[in-house]
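As a plain string of letters, each chain reads:
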There are 2 protein chains.
Amino acid sequence: MSHLPIFVQGTHITQFGELWDRSLEDLAKEAALGAVADAVIQPSTIEAIFVGNMAAGQFEGQQHLGALVSSFFSHLPPSTRVEAACASGGLAVLQAEMALLSGMYQTVLVVGVEKMTDDTNGVTTILSSAADAAREYGSTFPGLYALLAKEHMHKYQTPRRALSMIAAKNHSHALANQQAQFRRTITPDQVEKSMLVADPLRILDCSPITDGAAAVVLSVKPSRKQLVALTGFGQGQETLDLARRSSLTSLQSTVDAAKKAYAMANKKPTDIQVAEVHDCFTIAELFAMEDLGFCKRGTAATAVLKEETTLSQYRQSSQKKLKSSLPIINHSGGLKACGHPVGATGVKQVAYMTRLLRENSDFSVGLTHNVGGSGATAVVHILEKGQS
Amino acid sequence: MSHLPIFVQGTHITQFGELWDRSLEDLAKEAALGAVADAVIQPSTIEAIFVGNMAAGQFEGQQHLGALVSSFFSHLPPSTRVEAACASGGLAVLQAEMALLSGMYQTVLVVGVEKMTDDTNGVTTILSSAADAAREYGSTFPGLYALLAKEHMHKYQTPRRALSMIAAKNHSHALANQQAQFRRTITPDQVEKSMLVADPLRILDCSPITDGAAAVVLSVKPSRKQLVALTGFGQGQETLDLARRSSLTSLQSTVDAAKKAYAMANKKPTDIQVAEVHDCFTIAELFAMEDLGFCKRGTAATAVLKEETTLSQYRQSSQKKLKSSLPIINHSGGLKACGHPVGATGVKQVAYMTRLLRENSDFSVGLTHNVGGSGATAVVHILEKGQS
């Protein structure tokens, strides 16, 4: 591992949303060529490609996306599709990092893409293929996360209001993100009056169905001022089915992935100033806050109610000027408001965090956290601002 | 790349066939634990897992196979599913190799698995998702390979008989392979009288629909006598759709993958004594012979008619004792007779070749060749017998 750090040389994030006039290939191509242009390199510099995608086979009848994305380049670089349900994007970034560390390549492209809105009737069933098809037969993801929410609320007296506050915060953060699917505020009261999906989760606790793509160019060669570097990464696993887990109030995969990433980057949770975490449902953000070590067990809800992870310009309370020791969480709006094109999300998190560290002088250390299924896979990355 | 060679420490191949009493998970588990047992290591030695699978989401409603396979081990190693259509298995082996070369891991497991027979009505449509869904809409793989066959026959006057001879050879080779799906001989005449699928390809030119799994344990630490080492690998790409290719009588992906693998292993085509090539249709074996450099363009059919790639005990002709300069091709029976559980095939090739080099004193250098779709991805490996 002589090549750490790895630099994020270029990024691109497409519009996220219900994009009925855009195809899977369109979105992937915009992201891929956009990231290469942003990196200010020749396309022929790309030596290999990693594609994060969860289910284009089921959504679009199109597998073999590695080859599809390779054909955007006349020199047809070797290309690999990686899948780990909703963690496909983060895991594609991690495979790209291992390829760079192997010494085989110096500059690679990672593309995450998902086109979900062509079959909105089938989408819940397709997403359920990330759960254990045999042991959790017929389960849906809102149902599984509702179970986790119930358990957390029971064990720690977690108030329903904290979930509502997370949704409202992420919508407020998305206001400034031009690529976000939802750029409108919602109130905690609106969340609590919205349609019940799977008790206690309501429709405004759920991330939406989204089309979108994101890409990053990673390189071991620094070549750009205000470089952002990936300095740590980690991957953790859990059983697919909830019934065999030792805890339902924590995702061990996140704990393990974070531990590895912190150790590699020589950072601790209090060093993190900003984090993009996997809030597929509001309860998932609460889990992430505790599993990533930002809060002690059972205390994340209190921090949310105090708006300690909210950007100061959106704080409602008297704590407008509070300087929190917690990171700002989901600056992009998160999965909830920026949108969740499942295989793209993990790449979008890294791309978004790179831009934030490049452009915002308030932040120099960030973390991204991408989860597959109900937590059977988790991938954590740590990014740091640097100088070339 | 300081860790080459990589050693194949353990292998396991399940029965291949229509296994109505075996589930996807069953097959993957038998292969995974079997390979660990064959490697004579503790399960906890496995530091990471790579799973090759094409379409369990479509076949079985089960994605996220990385997490599923990880849960076979109590220490839940980080696990990644890799997909490149029918080259998923070979590409999973290649990702595992890069992970080892990165220095992150010393011992990893690769599992290839596919369960195809639960929905035999849907299988042709599901496999078509490996083609270009937009530009080749409605195409089937027999149709695409028939087009390649027609073009080769037209350009080189390739005789239909050569295709029939390939099918007959591979069936004869499979007689000795206890895991093979078809362990019965067929004659070239029978191939030519079998049902027409897509002219000129008949049903006995086609590999079957198969359930099966295979696994290998790879390590940078030698620990077993008669070790077999992976000494070269390469990956090549082509456009998904045939219409944009410069040639329809060659797969450039195979040419490129082979070039890289030969260079890494410092070998040339004439060094290869035995090869497992991707004969999803008989014509594909003819392409492979030329693209891998075993025969000059347009001459593979002649070599097949002379039985130069047939194991001597199965030779029909007066050349029973001919010492060919060509490798024996598809000793296992190939995809045609051993069977083709799509995501498992590339891993099975490496596992089978490892055993052959371990157990058969006639062979010390072998090659495996795995193709995705109609050639948009190709992966080539070179294996060598060694001593610890």
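The present account deals with the structure reproduced in this document. What you see is a predicted model, and the numbers here were worked out from it, not measured in a lab. (Residues numbered from 1 in each chain as written. Chains lettered and ligands numbered in written order. Predicted model: local features only at pLDDT ≥ 70, side-chain atom pairs only at ≥ 80, totals over all residues. Heavy atoms only, no water.)

Comments concerning the pattern of salt bridges
Step number 1: Under the defined criterion, the tally for this structure stands at 38 salt bridges over all chains.
Step number 2: The partner of Glu-25 of chain A in a salt bridge is Arg-135 of chain B, and the shortest N-O contact between them spans 2.7 Å. In this pair, Glu-25 of chain A sits in helix 1 (residues 24-38) while Arg-135 of chain B sits in the loop between helix 5 (123-128) and helix 6 (141-156), so the two residues belong to two different chains.
Step number 3: Residue classification places Arg-135 of chain B among the partly exposed positions, given a relative accessible area of 39%.
Step number 4: Residue Asp-211 of chain B is joined to Lys-115 of chain B by a salt bridge in which the shortest nitrogen-to-oxygen separation is 3.1 Å. Here Lys-115 of chain B lies in the loop between strand 4 (107-114) and helix 5 and Asp-211 of chain B lies in the loop between strand 6 (201-202) and strand 7 (212-219), a separation of 96 residues in the sequence.
Step number 5: Each of Arg-22, Asp-26 and Glu-30 of chain A takes part in a single network of salt bridges with overlapping partners. (Salt bridge = Lys/Arg side-chain N within 4 Å of Asp/Glu carboxyl O. Helix = DSSP H or I, 4+ residues; strand = E, 2+ residues; numbered from the N terminus. Buried < 20%, exposed > 50% of the residue type's maximum accessible area, 1.4 Å probe, protein only.)

Focus: the interface of chain A and chain B
Step number 1: If you look at the interface, chain A gives 55 residues, while chain B gives 55 residues.
Step number 2: Interface of chain A and chain B: buried area, both sides summed, is about 4000 Å²; carbon and sulfur atoms make up 53% of it.
Step number 3: Linking chain A with chain B are 30 residue pairs in polar contact (both at pLDDT 80 or more).
Step number 4: Contributions of two or more residues to the side of chain A that touches chain B are made by helix 2 (56-60), helix 3 (65-70), strand 3 (79-83), helix 4 (88-101), strand 8 (228-237) and helix 9 (252-265) of chain A.
Step number 5: Residue composition of the side of chain A that touches chain B, grouped by class: 27 nonpolar, 19 polar and nine charged. (Contact = heavy atoms within 4.5 Å. Buried area = accessible area lost by both parts, 1.4 Å probe. Polar contact = N/O pair within 3.5 Å; in protein donor to acceptor, adjacent residues only side chain to side chain. Nonpolar A, V, L, I, M, F, W, Y, C, P; charged D, E, K, R; others polar.)

A word on the packing of aromatic side chains
All names here are of chain A.
Step number 1: Inspection of the entire model under this criterion finds two aromatic pairs over all chains.
Step number 2: When the centroid spacing of 5.0 Å and the interplanar angle of 35° are considered together, the rings of Tyr-145 and Phe-281 count as tilted. On the criterion of sequence distance, the pair formed by Tyr-145 in helix 6 (residues 141-156) and Phe-281 in the loop between strand 9 (274-276) and helix 10 (282-291) is long-range, its members being 136 residues apart.
Step number 3: By relative accessible area, which is 3% here, Tyr-145 ends up buried.
Step number 4: Using a relative accessible area of 8% as the deciding quantity, one classes Phe-281 as buried. (Phe/Tyr/Trp six-rings, centres within 6.5 Å; stacked < 30°, edge-to-face > 60°.)

As for unusual backbone geometry
Step number 1: Geometrically, the link from Asp-199 of chain A to Pro-200 of chain A is a cis peptide bond, its omega value of 10° lying close to zero.
Step number 2: Along the chain, the position of Pro-200 of chain A falls in the loop between strand 5 (196-198) and strand 6 (201-202).
Step number 3: Of note in the backbone geometry, Asn-266 of chain A takes a positive phi value of approximately 55° without being a glycine.
Step number 4: Within the secondary structure, Asn-266 of chain A is located in the loop between helix 9 and strand 9.
Step number 5: For Glu-307 of chain B, which is not glycine, the phi torsion reads 60° and is therefore positive.
Step number 6: Along the chain, the position of Glu-307 of chain B falls in the loop between helix 11 (300-305) and strand 10 (328-329).

Quick look at the relation of the copies chain A and chain B
Step number 1: Note on the identical chains: chain A maps onto chain B by a rotation of 180° and an axial translation of 0.0 Å, with an RMSD of 0.0 Å. Such a combination of rotation and displacement between the chain copies is what one expects of a two-fold axis. Across chain A, the smallest distance between a C-alpha and the rotation axis is recorded for Ser-102 of chain A, namely 1.8 Å.
Step number 2: When you check the interface residues of chain A against chain B, 100% turn up at the interface there too, and the contact is symmetric in its surfaces. (Least-squares fit on C-alpha atoms with pLDDT ≥ 70 in both.)

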